Amino acid sequence: MRVALYPGTFDPITLGHADIIRRACLMVDRLVIGVAINRDKGPLFSLEERVTMIKTDCAKLTEQLDTEIVVHPFENLLIDCAQDVGAQTIVRGLRAVADFEYEYQMVGMNRMLNEDVETVFLMADAKYQPIASKLVKEIARLGGDVSKFVTPEVRRALLERLQHSS
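Residues numbered from 1 in each chain as written. Predicted model: local features only at pLDDT ≥ 70, side-chain atom pairs only at ≥ 80, totals over all residues. Heavy atoms only, no water.

S.K.: In this structure, what is going on with the packing of aromatic side chains? I would like to understand it.
M.R.: Each aromatic ring pair is characterised by the separation of its centres together with the angle its planes make. Evaluated as defined, the whole model comprises 3 aromatic pairs. Every member of this aromatic cluster is reached through a ring pair, and the members are F100, Y104 and F121. (Phe/Tyr/Trp six-rings, centres within 6.5 Å; stacked < 30°, edge-to-face > 60°.)

In structure tokens, the structure reads:
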């Protein structure tokens, strides 16, 4: 069975993430979406909320594609998480050259820790390349329309969260 791990904070999941998930599903039998706990980033949404949003967004994909999608929170090293879930491949999405520099360094370190796990980069579709969770949150916080960047369910959750935190 071909298993891949797509890690991220997903705070919140965007249409760019969904694009990478959909395309990664075409390459594997099981895609594990690793939701990083990463307390240092101070996420807007709790781990449970992020997991729920991902499961909701991916339910439709699971029906459309012949790939099992599993959501797996993790707080350990990425390479250890890959081993924990039986992934032979780590999927990383790239938006811009700046992403590549960081990812290149991460691949090198991960390869030194476990050379049996391969990293595959998928370029986000051109229409999704500028989307970043951080920018989506900022646009929503300032009253902008984020409907071009996230699903309606995520947009609602964002607006509710921002209304309650005001």
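Still to come is the rest of the account.
S.K.: Would you mind showing me how to read the sheet that holds strand 2 (residues 30-36) here?
M.R.: For sheets, the rule is that strands pair by backbone hydrogen bonds, running either parallel or antiparallel. Ordered by their spatial adjacency, 5 strands build an open sheet running 3-2-1-4-5, and the pairing between neighbours is parallel. The open sheet has two edge strands, strand 3 (68-74) and strand 5 (118-123), and neither has a second partner. Each neighbouring strand pair of the sheet contributes to a mean axis angle of 30 degrees, computed without reference to strand direction. Summarising the sheet, strand 4 (residues 89-94) and strand 5 pair through 6 bridges and their orientation is parallel. Looking at strand 5, one finds that G93 is bridged to L122. Contacting strand 1 (3-8), strand 2, strand 3, strand 4 and strand 5, helix 1 (residues 15-25) crosses the sheet at an angle of about 125 degrees to strand 5. (Pairing = 2+ DSSP bridges. Helix = DSSP H or I, 4+ residues; strand = E, 2+ residues; numbered from the N terminus. Axes fitted to C-alpha atoms, helices over the stretch in contact; angles between N-to-C directions. Contact = heavy atoms within 4.5 Å.)

S.K.: Whenever I open this one, unusual backbone geometry confuses me. Can you help?
M.R.: What you tend to see is this: most non-glycine residues have negative phi, and most peptide bonds are trans. Note that the residue after D11, namely P12, is joined by a cis bond; omega there is 0 degrees. On the secondary structure map, P12 appears in the loop between strand 1 and helix 1. Even without glycine at this site, F10 takes up a positive phi of about 55 degrees. Mapped onto the elements, F10 comes out in the loop between strand 1 and helix 1.

S.K.: What exactly am I supposed to notice about the nonpolar core here?
M.R.: For soluble globular proteins, the rule of thumb is that nonpolar side chains tend to be buried together. The biggest cluster of nonpolar side chains holds 36 residues, and the ones touching the most others in it are I21, L31, I33, I54 and L158. Looking at this core, the elements with two or more residues in it are strand 1, helix 1, strand 2, helix 2 (47-64), strand 3, helix 5 (133-141) and helix 6 (152-165). At 6 residues, helix 2 tops the list of elements feeding residues into this core. Apart from the residues within four sequence positions on either side, I21 is in contact with Y6, I13, L31, I33, C58, L61 and I69. V32, I79, C81 and V117 belong to the second largest nonpolar core, which has 13 residues in total. (Core = buried A, V, L, I, M, F, W, Y, C linked by side-chain atoms within 4.5 Å. Buried < 20%, exposed > 50% of the residue type's maximum accessible area, 1.4 Å probe, protein only.)

S.K.: Even after reading the chapter, I still don't get helix 2, so can you show me in this structure?
M.R.: Along an α-helix, residues three or four apart share an orientation, since each turn contains 3.6 residues. Taking 1.5 Å per residue, 18 residues should reach 26 Å; helix 2 reaches 26 Å between its end C-alpha atoms and fits that length. When the local axis directions of helix 2 are compared, the greatest deviation, roughly 35 degrees, occurs at C58. Inspection of helix 2 places L47, R50, V51, M53, I54, D57, C58 and L61 among the buried residues, and these make up the whole buried set. Looking at the buried residues of helix 2, the elements they touch are helix 1, strand 2, strand 3 and helix 6. (Expected span 1.5 Å × (residues − 1). Bend = angle between axes of the 7 residues up to and from the residue.)

The analysis is restricted to geometry; functional conclusions fall outside its scope.
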